[in-house]
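The primary structure of each chain is shown beneath.
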Amino acid sequence: MSSQSQRVHVALDERSYDISIADGALKQTGDIARAALGKKTRRVAIISNPRVYGHYGKLVEKSLKQAGFATLTHLMGDGERAKSIRTAERAWAFLIANRFERSDGIIALGGGVVGDLAGFVAATFLRGVNYVQIPTTLLAQIDSSVGGKTAVNHPLGKNLIGAFHQPRAVVIDPQTLHTLPRRELRAGMYEAVKYGVIWDRALADFIQTNLGKVFALDGETLTHIIRRSCEIKAEVVTTDERESGLRRILNFGHTVGHALEAVTAYRRFKHGEAVGHGMKCASVIAEKIGIIPPAESLAIRQSVDALGALPNVTDLQSPEILAAMAHDKKVAQGKLPLILPTAVGAVVVRDDVAPTVIRAAVRELLTARI
Ligand SMILES: NC(=O)c1ccc[n+]([C@@H]2O[C@H](COP(=O)([O-])OP(=O)(O)OC[C@H]3O[C@@H](n4cnc5c(N)ncnc54)[C@H](O)[C@@H]3O)[C@@H](O)[C@H]2O)c1
């Protein structure tokens with residue numbers, strides 16, 4: 001790989017793996033997959049969608065073949081609706097028809113939808129086969145491809161059916177972002193801002209200083225943001241693989257974010273955009289209960305706003321948002337844990353915030369006062 005290649009190790013005992021980040025890394029897929037999957041793996045099935053496969057499929061396939069793999073390709077539908085048990089069934093059927101074996105591997109080539117679906121198929125087929133993630137959206141590169149959460153959606157809710165199954169390797173090529181629609185790039189950047197706010201002030205500052213370079217798709221800048229985000233996610237996931245404690249901080253901005261997505265039937269917001277609104281709301285709640293200085297709280301909202309205008313929320317009703325929040329997966333014994341910032345770079349988990357405070361902050365969000 002080029003001298004600028006970066007490697008982040010996710011240390012999870014026998015489930016440990018490396019994330020390789022480099023401009024041009026797609027060409028190294030074969031070598032990386034060979035090192036990660038071992039000599040015994042003869043065949044790999046690439047799971048992708050027509051759009052991503054059209055851009056990068058041949059390149060990945062060629063690299064895998066050069067490393068001695070026989071390749072099969074299975075294309076699934078595009079979009080969140082394709083992340084379903086029906087799509088998983090079709091992928092299982094494809095693998096069965098091709099007599100896929102326990103020692104074969106799966107390559108997930110695409111955004112978070114492909115990654116979650118292919119990871120779920122890898123987790124369940126023959127009680128689990130190895131897989132490699134090749135994320136091609138910024139969101140997938142800094143979030144969904146790392147950490148081993150795999151899932152499909154159920155008609156009654158998102159991500160309700162899934163498994164923890166860590167990939168054997170993650171291959172990230174920032175150059176794939178050149179074909180990504182601009183709105184998707186921005187949606188991923190909200191999650192990068194999230195990592196800065198929950199963990200690393202230097203990353204938050206770097207993002208604000210380098211936004212021009214981000215949107216000019218400067219390779220070095222993107223690689224830095226991706227690497228630092230992956231390091232933070234790896235550190236959190238290593239400490240708490242199955243989300244019994246620390247991993248919850250990754251849900252900063254997500255309680256209100258999920259509620260906004262749910263009440264708009266997942267049609268209005270990209271996930272990251274909803275999280276952007278959620279982070280602003282959380283900063284206001286933290287300010288109202290006095291755990292963050294107003295200037296820091298404002299800095300968080302400004303770093304969200306600096307990415308551009310978020311989809312409108314002023315037509316949404318706060319009772320609906322509050323009801324959706326009460327249905328959040330994270331509610332335990334009737335208490336809703338909120339991830340709240342205490343500064344740019346630090347958060348706490350609180351489940352004792354008075355409903356009146358939450359209501360007031362949501363109302364401010366919906367009336368565009370924050
Ligand atoms: N497993 C986890 O830990 C985790 C974390 C966060 C989000 N997620 C999941 O991730 C999913 C969202 O992922 P996403 O935001 O990547 O959306 P996505 O996978 O739907 O991708 C967005 C769009 O971009 C296209 N695309 C992807 N890469 C491209 C490229 N390089 N060039 C051109 N087009 C490209 C896709 O085909 C799609 O149309 C959700 O289902 C969410 O639940 C999972």
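Each chain has its residues counted from 1, following the order in which its sequence is written. The predicted origin of the model limits local features to residues at a pLDDT of at least 70 and limits the giving and counting of side-chain atom pairs to 80 or more, whereas totals for whole chains, interfaces and linings rest on all residues. For the side-chain quantities, the full set of heavy atoms in the structure was used; hydrogens and water were omitted.

**Q** Go over the site of the ligand, please, and point to the residues and values.
**A** Here a residue counts as near a molecule or strand whenever at least one of its heavy atoms sits within 4 Å of it. Near the ligand there are 26 residues, and of these E80, G112, T136, T137 and T179 occur at the shortest range. A 3.5 Å cut-off defines polar contacts: any pair of N or O atoms within that distance qualifies, except that in protein one atom must be a possible hydrogen donor and the other a possible acceptor, and neighbouring residues in sequence count only when both atoms are side-chain atoms. Between an oxygen atom of the ligand and a side-chain N or O atom of D78, the distance comes to 3.0 Å. Across the complex, the protein chains shield 90% of the 860 Å² of accessible surface that the ligand would expose by itself. Elements supplying a minimum of two residues to the shell around the ligand: α2 (50-66), α4 (112-124), α5 (138-144) and β8 (157-164). Numbering of helices and strands starts at the N terminus; helices are DSSP runs of H or I of at least 4 residues and strands are runs of E of at least 2. In terms of residue count, α2 provides more of the shell around the ligand than any other element does, four residues in total. Within the shell around the ligand, the residues separate by chemical class into six nonpolar, 10 polar and 10 charged. Accessible surface area values rest on a Shrake-Rupley calculation with a 1.4 Å probe, where residue burial reflects the displayed protein chains alone. Classification used: nonpolar for Ala, Val, Leu, Ile, Met, Phe, Trp, Tyr, Cys and Pro, charged for Asp, Glu, Lys and Arg, polar for all others including Gly.

**Q** Would you mind going over the side chain of T137 in detail, with residue names and values included?
**A** Looking at the element boundaries, T137 is found in the loop between β6 (130-135) and α5. Three labels apply to residues, based on accessible area from a 1.4 Å probe with only protein chains included: buried if under 20% of the type maximum, exposed if over 50%, partly exposed otherwise in between. On the basis of relative accessibility, which here comes to 16%, the residue T137 falls in the buried class. Looking at T137, its side chain comes within polar contact range of the main-chain nitrogen of A140, at 3.0 Å.

**Q** With reference to specific residues and values, describe the nonpolar core.
**A** Nine residue types can take part in a nonpolar core, namely buried Ala, Val, Leu, Ile, Met, Phe, Trp, Tyr and Cys, and a core is a set of them joined through side-chain atoms within 4.5 Å. Residues I19, M189, I226 and L260 are the most contacted members of the largest nonpolar core, which totals 75 residues. The two domains that each donate at least three residues to this core are domain 1 (6-180) and domain 2 (184-366). For this analysis, residues touch if any pair of their heavy atoms sits within 4.5 Å. In contact with L260, not counting residues within four places along its chain, are F269, A274, H277, V313, L316, I321 and L365. Of all hydrophobic cores here, the second largest spans 23 residues; its members include I47, L72, F94 and V113. Each domain's limits were defined by an automated method or a database of domain assignments.

**Q** Go over the environment of A35, please, and point to the residues and values.
**A** Note on placement: A35 falls in helix α1 (residues 29-37). A35 gets classed as exposed once you look at its relative accessible area, which sits at 69%. Along the primary structure A35 and A169 are separated by 134 residues, whereas in three dimensions their C-alpha atoms are 9.1 Å apart.

**Q** I'd like to hear about helix α14 (residues 355-366), residue by residue, with values.
**A** Between the first and last C-alpha of α14 there are 16 Å, a value that for 12 residues agrees with the 16 Å anticipated at 1.5 Å per step. Taken together, the buried positions of α14 are V357, I358, A361, V362, E364, L365 and L366. In the core, the buried residues of α14 are packed alongside α10 (254-263), α11 (271-288), α13 (318-326) and β10 (338-343). At the exit of α14 stands A368, carrying a positive phi of roughly 55°. To estimate how far a helix should reach, multiply one less than its number of residues by 1.5 Å.

**Q** Could you give me a rundown of the packing of helix α6 (residues 182-199) against helix α9 (residues 219-239), with the residues and numbers involved?
**A** Running from N to C, α6 and α9 cross one another at 55°; their axes reach a closest spacing of 10 Å. Taken together, the axis directions place α6 and α9 in an arrangement best described as oblique. Every pair of crossing elements has a handedness; the one defined by α6 and α9 is left-handed. Residues M189, A192, Y195 and W199 of α6 touch α9, and the partners they reach there are I225, R228, S229, I232, K233, E235 and V236. Here the contact of α6 with α9 is composed, by residue class, of seven nonpolar, one polar and three charged. Helix axes are fitted to C-alpha atoms over the stretch in contact, other axes to C-alpha atoms as well, and angles between N-to-C directions run from 0 to 180 degrees. Should an angle fall under 35 degrees it is called roughly parallel, over 145 degrees roughly antiparallel, and 65 to 115 degrees roughly perpendicular, with every other angle called oblique. Crossings are assigned a handedness: left-handed for a near helix turned anticlockwise from the far helix by less than a right angle, right-handed for a clockwise turn.

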